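# A look at the structure
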Amino acid sequence: MPQPTATPSTQPARASRRLWDGAPVPPLLVLPALVVALLMVAPLVYLVLRAAQAGPELFDLLWRDRTLMLIRNSLLLSAAVTAASAAIALPLAWLTVRTDLPGRRLWSVLTALPLVIPSYVGGYVLIAALGPRGVLQGLLEVIFGIERLPEIYGFFGAWLTLTLLSYPYVLLAVRSAMARLDPALEEAARSLGLGPWESFRRVTVPLLRPALLAGSLLVALYVLGDFGAVSLLRYDVFTRAIYNQYRGAFDRSLAAGLSLVLVAMTGVVLALEARARGRARYHRSTVGVSRPPTRVRLGRWTPLALAYCAAIVSVTLLIPIGVIIHWLIRGLRAGEPLWLVWSAALSSVSVSLAAAVVAVLAAAPIALMAVRHSSPLSRVLERLSYLGYALPGIVVALALVFFGSRYAPWLYQTLGILLVAYIIRFLPQALATLRAALMQVSPRVEEAARSLGHSPPRVWLRVTAPLAYPGILSAGALIFLTVMKELPATLLLRPTGFDTLATQVWSATAEGFWARAAAPALLLILLSAVPMAVTAWREGKSDG
């Protein structure tokens, strides 16, 4: 008589064990990590449900010529800005890392600082300097009698503004990779008869491809999700169309449908980057460590290299600040009040600090699971937590507006829902930084602490956190910087009467009051520059 087998009943159990394989995970980590991962997925799920309510009208909207034009404009602007950013950043990275350029560390900080200027401030500066009533037109009218300059609105203005402000994404990624290149590879290429240019083109550039792609991806996502510059410069892309659809139409389900198209375009960009990156390996295949890079002597090319760095810093940093100061002085002479600026600055700093603290705390359980308790579950939660990278700010804001107004009116237009939006958008930045910091803390140290009778929470507070302290601070500084600049979510979700520096700049520039926008714009740049300058200086110091 055949004996019954246990195979059918044990298969699900084995599958369950495979799903949860890995080191035991304390419930104190699993529960908050699950909550955070669900929070990251919620906006996308809700937009899908809301768009489904639009019915056939949504398909009519998606197949209109205007929608196809928005897709073309968004992709064209993203590709053009990415290409121009790479062209600017690659020489800058080489000059500040691999050459004996005088003042290398200072140039490293100055060339990265445009990252602190929000795109809407950049658009405002461009219009205030080169627009119909701008500084240049005023000078030319007095000197030469020229009353009208060529139009700067549209594609050219948006491309110029976003390129000058987003190239540091490529610069920082390439500079970090270039500082860690093994010079032995270039020396081997030179010993095989390749000249300096050929060895750079055939050896160095291919080795920099992952960093170049990573930086380019950040630029492309930044451009696709930008709202401030394209709106001020009147260039029709998806973010502007979504905002207008939300503000101007009674049925906001169509805005949700347009948001999903933007999310799909972001997904295509991510897929293209992953395909271009491929599976090539870029680390040493033998045992050993690389030497520090040797400096190339610029010699007679030194003045030209200095002129290039000075030109970039002047165009991206000094001239914008000069234009803002010019309009600030005009505003003060006209009697513009400053007390409103200090109130908005306090609001910006307080909400940015709160977002930085909450984001780091929210990212900590997922980072700990990913590093210390690796399993399929931890990997799924970690990947879900990076979803914020694929969701532009206007999309996240719109999803929370729909959700708050319909299901949680007690939360709608409060600081709580504003902080939720910031967490969804910027948690990936904190997670990536925390993960890198925790990977440098040896688990043997934690095991030693536990063997002395300390509980896991006490080990985290007394051992792990102090050792990962620089990474935790960097994560907080990064979140602080990005929340200070954030505009679309703040614009749609802020409580009534809650003004930040970003909303003050936006309100004044949208109505053409350049002098009124100057004080909050300058204060926003100065406050954001502090954490950025400290981070860039520390990186430059570690690179030698």
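Reading guide: rules and limits
Residues numbered from 1 in each chain as written. Predicted model: local features only at pLDDT ≥ 70, side-chain atom pairs only at ≥ 80, totals over all residues. Heavy atoms only, no water. Phe/Tyr/Trp six-rings, centres within 6.5 Å; stacked < 30°, edge-to-face > 60°. Helix = DSSP H or I, 4+ residues; strand = E, 2+ residues; numbered from the N terminus. Buried < 20%, exposed > 50% of the residue type's maximum accessible area, 1.4 Å probe, protein only. Lys NZ or Arg CZ within 6 Å of the ring centre and 35° of its normal. Salt bridge = Lys/Arg side-chain N within 4 Å of Asp/Glu carboxyl O. Axes fitted to C-alpha atoms, helices over the stretch in contact; angles between N-to-C directions. Parallel < 35°, antiparallel > 145°, perpendicular 65-115°, else oblique. Left-handed = near helix turned anticlockwise from the far one by under 90°. Contact = heavy atoms within 4.5 Å. Nonpolar A, V, L, I, M, F, W, Y, C, P; charged D, E, K, R; others polar. Patch = residues over 30% accessible without salt bridge, like charges linked within 9 Å, V, L, I, M, F, W, Y side chains within 5 Å. Areas by Shrake-Rupley, 256 points an atom, 1.4 Å probe, with all protein chains shown as cover. Core = buried A, V, L, I, M, F, W, Y, C linked by side-chain atoms within 4.5 Å. Expected span 1.5 Å × (residues − 1).

### Considering the packing of aromatic side chains
- One pass over the structure, following the stated rule, counts nine aromatic pairs.
- Judged by centre distance (5.6 Å) and plane angle (50 degrees), the ring pair of Tyr169 and Tyr222 falls under tilted. Note that Tyr169 is positioned in helix 8 (residues 155–179) and Tyr222 in helix 11 (residues 209–225), a separation of 53 residues in sequence.
- Of the residues examined, Tyr169 reaches a relative accessible area of 21% and is grouped as partly exposed.
- Measuring from ring centre to ring centre gives 5.2 Å for Phe227 and Trp506, while their planes differ by 40 degrees; the resulting arrangement is tilted. Of this pair, Phe227 sits in the loop between helix 11 and helix 12 (228–232) while Trp506 sits in helix 24 (residues 501–510), and the two are 279 residues apart along the sequence.
- One aromatic cluster in this structure is built from Tyr46, Phe403 and Tyr407.
- The ring of Phe513 is capped by Arg516, whose NZ or CZ atom sits 4.5 Å from the centre of that ring.

### Describing the pattern of salt bridges
- Scanning the model with the defined rule gives five salt bridges in all.
- Two residues, Arg240 and Asp236, come together in a salt bridge whose shortest N-O distance is 2.9 Å.
- Exposure remark for Asp236: the relative accessible area of 24% places this residue in the partly exposed category.
- The partner of Arg494 in a salt bridge is Asp499, with the nearest N and O atoms 2.6 Å apart.
- Of the residues examined, Asp499 reaches a relative accessible area of 33% and is grouped as partly exposed.
- Through salt bridges with shared partners, one network takes in Arg66, Asp236 and Arg240.

### Quick notes on the packing of helix 4 (residues 65–98) against helix 11
- Contact pair helix 4 / helix 11: the axes reach a minimum separation of 9 Å and the direction vectors enclose 140 degrees. Taken together, the axes of helix 4 and helix 11 lie oblique to each other. Considering how the two elements wind past one another, helix 4 and helix 11 form a crossing that is right-handed. Here Ser74, Leu77, Ser78, Val81, Thr82, Ser85 and Ala86 of helix 4 come into contact with helix 11, specifically with Leu212, Ser216, Val219, Ala220, Val223 and Leu224.
- Its residues placed into classes, the contact of helix 4 with helix 11 shows eight nonpolar, five polar and no charged.

### Focus on a nonpolar patch on the surface
- A surface patch of nonpolar side chains, about 560 Å² in accessible area, is lined by Leu139, Val142, Ile143, Phe144 and Ile146.
- Among the secondary structure elements, Phe144 is positioned in helix 7 (residues 135–144).
- Residue Phe144 is classed as exposed on the basis of its relative accessible area of 61%.

### Some words on unusual backbone geometry
- You will see that Arg234, though not glycine, has its phi angle at about 55 degrees, which is positive.
- Along the chain, the position of Arg234 falls in the loop between helix 12 and helix 13 (238–248).
- Here Gln413, not a glycine, exhibits a phi torsion of approximately 55 degrees, which is positive.
- The class of Gln413 is partly exposed, set by a relative accessible area of 32%.

### Thoughts on the nonpolar core
- Membership of the largest hydrophobic core comes to 158 residues, with the highest contact counts inside it found for Leu77, Val121, Tyr124, Ile324 and Leu493.
- Here this core takes 15 residues from helix 16 (residues 339–372), the largest share from any one element.
- Beyond its immediate stretch of four places on either side in the chain, Tyr124 contacts Leu232, Ile324, Trp327, Thr509, Trp514, Ala517, Ala518 and Ala521.

### Observations concerning helix 18 (residues 393–407)
- Across its 15 residues, helix 18 extends 21 Å between first and last C-alpha, which sits within 8% of the 21 Å expected from 1.5 Å per residue.
- The buried fraction of helix 18 amounts to eleven of the 15 residues, a majority that puts the element mostly inside the structure.
- Looking at helix 18, one finds that the buried residues are Gly393, Ile394, Val395, Val396, Ala397, Leu398, Ala399, Leu400, Val401, Phe402 and Gly404.

That is the geometry; function is a separate question.
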